[in-house]
Amino acid sequence: MVGGAIGDAFGYPVEFVSSFEEIRAKYDDNGIVEYDLSYPWLEETFDKALFSDDTQMTLYTAEGLFESEKTGVPLIPTICNAYLAWMGPQIGKKVKISYKSELAQIKELNERRAPGNTCLTSLFSIYSDKEPMNDSKGCGGVMRVAPIGLYGAAHGWPLKKTAKIAGETAELTHLHPLSTYSSAMLAVLCQIFCTAECVTKSTINESVKLTFGVLDLIYGADAPDMDDFKKIIRKAIQLEDNLLQDWEVIENELGEGWVAEETLAIALFSIIRHIDDFKAAMICAVNHGGDSDSTGAVAGNLIGAICGYEGIPDYFKDNIQLKDLLISTADRLSDK
């Protein structure tokens, strides 16, 4: 939870920068290497790093899990209600849901931080009693499902259940199968890494293979776009030893991260390339001309699950907004 928020906040200032060269021109030869608190589009400077809609929705995912646990209402409808609570302030509407959202009372979680259009339009369709209609594989699904993996780890869920819940959670708004597979894989990997005594590069490789098997069981090995999904994920892992600089590998080989499978691929490349260095993994994940906050968020979810809270440098933890809420949410997700 904390790692994801850090990656999100780290990449947020450069989310819409078109290339690493442009990032380097603004910062230094290594790109952005620490939080930038200026946020010119918000016309003020803050004393803590702000996260975007990615972490807002991640926290609402967790709230949906907690509400389902408390009431016994099935997970997917409850998570959907949590997202509707998030949507209301984003579009300036008062929405009615089946429970009182605690997060809806927190100002910072209801400010507009570049919310995804597909998320908003799909949720508004649901609120209007209509079925979302899209074929979007945007990263708005995968960037918010990490809490499902953490919760699954604490509650001993079979990996198949974790994958299925995460995939269905993404499908609330994004209906392309590549979004579903990416979201399912992220949650499963978070669960595996949280429960492993030690995660090495070999562990990551084996975990990816295991997750492919889980996806095959749920969706079928011949499911639409499954081959393409496996191809880019394998490629990301295999690029670990590529001699090019991090940003060159990402921009030349993996894409920009605006779509789910590229977001996950960039995140996996970043963590396997820098498995023993949280900061280096974050720098790798956000320094490219693409959706830097989402690739940072997903990489942060994964490297955070690998290194644990104590493995995250104090600078990043102490200067992130709503740190106490992030920690308390992670504690609740981990509570058996």
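> Lay out the environment of Asn301 with the relevant residues and their values.
Mapped onto the fold, Asn301 is located in helix α14 (residues 292-307). Taking the C-alpha atoms as reference, Asn301 lies 10.0 Å from Gly149; in sequence the two are 152 residues apart. Asn301 has contacts with Gly3, Gly4, Ala146, Leu186 and Cys190, leaving out every residue within four places of it along the chain.

> Any chance you could break down the packing of helix α12 (residues 260-273) against helix α13 (residues 278-286) for me, citing the residues and the numbers?
Running from N to C, α12 and α13 point in directions that differ by 150 degrees, and their axes come no closer than 8 Å. Accordingly, the angle class assigned to the pair α12 and α13 is roughly antiparallel. Between α12 and α13 the crossing geometry is right-handed. Judged by residue contacts, Ile266, Phe269 and Ser270 of α12 engage Ala281, Cys284 and Ala285 from α13.

> Help me get a handle on helix α8 (residues 177-195), residues and values and all.
Its 19 residues give α8 an end-to-end C-alpha distance of 27 Å, which sits within 8% of 27 Å, the value for a rise of 1.5 Å per residue. Counted residue by residue, α8 has 16 buried out of 19 residues, so it is predominantly covered.

> Run through helix α10 (residues 226-238), naming residues and quoting values.
Taking 1.5 Å per residue as the helical rise, α10 with its 13 residues ought to reach 18 Å, and the 18 Å between its terminal C-alpha atoms agrees with that figure. Here α10 has its buried residues at Met226, Phe229, Lys230, Ile232, Ile233, Ala236 and Ile237. Summarising the axial view, the buried residues of α10 lie within an arc of 165 degrees, below the 170-degree limit, and thus occupy one face. Residues of α10 that are exposed and point over 90 degrees away from its buried face: Asp227, Lys231 and Gln238. At its buried positions, α10 is contacted by α8, α9 (201-219), α11 (246-254) and α12.

> An account of the state of the cysteines is needed here, citing residue identities and associated values.
Scanning the model with the defined rule gives zero disulfides in all. Counting only cysteine sulfurs, Cys119 is the nearest neighbor of Cys139, a cysteine outside any disulfide, at a range of 8.6 Å. In this structure Cys139 comes out as buried when scored by relative accessible area, which is 6%. In this structure Cys307 is not part of a disulfide, and its nearest cysteine sulfur, from Cys194, lies 11 Å away.

> Explain the nonpolar core residue by residue, including any values.
Judged by nonpolar contacts, the single largest core of 109 residues is most densely connected at Phe193, Ile204, Phe229, Ile233, Leu268, Ile271 and Leu302. The contacts of Phe193, once residues within four sequence positions are left out, are Val199, Ile204, Ser207, Ile271, Leu302, Ala305 and Ile306.

What counts and how
Residues numbered from 1 in each chain as written. Predicted model: local features only at pLDDT ≥ 70, side-chain atom pairs only at ≥ 80, totals over all residues. Heavy atoms only, no water. Helix = DSSP H or I, 4+ residues; strand = E, 2+ residues; numbered from the N terminus. Contact = heavy atoms within 4.5 Å. Axes fitted to C-alpha atoms, helices over the stretch in contact; angles between N-to-C directions. Parallel < 35°, antiparallel > 145°, perpendicular 65-115°, else oblique. Left-handed = near helix turned anticlockwise from the far one by under 90°. Expected span 1.5 Å × (residues − 1). Buried < 20%, exposed > 50% of the residue type's maximum accessible area, 1.4 Å probe, protein only. Arc of directions from axis to C-beta. Disulfide = S-S within 2.5 Å. Core = buried A, V, L, I, M, F, W, Y, C linked by side-chain atoms within 4.5 Å.

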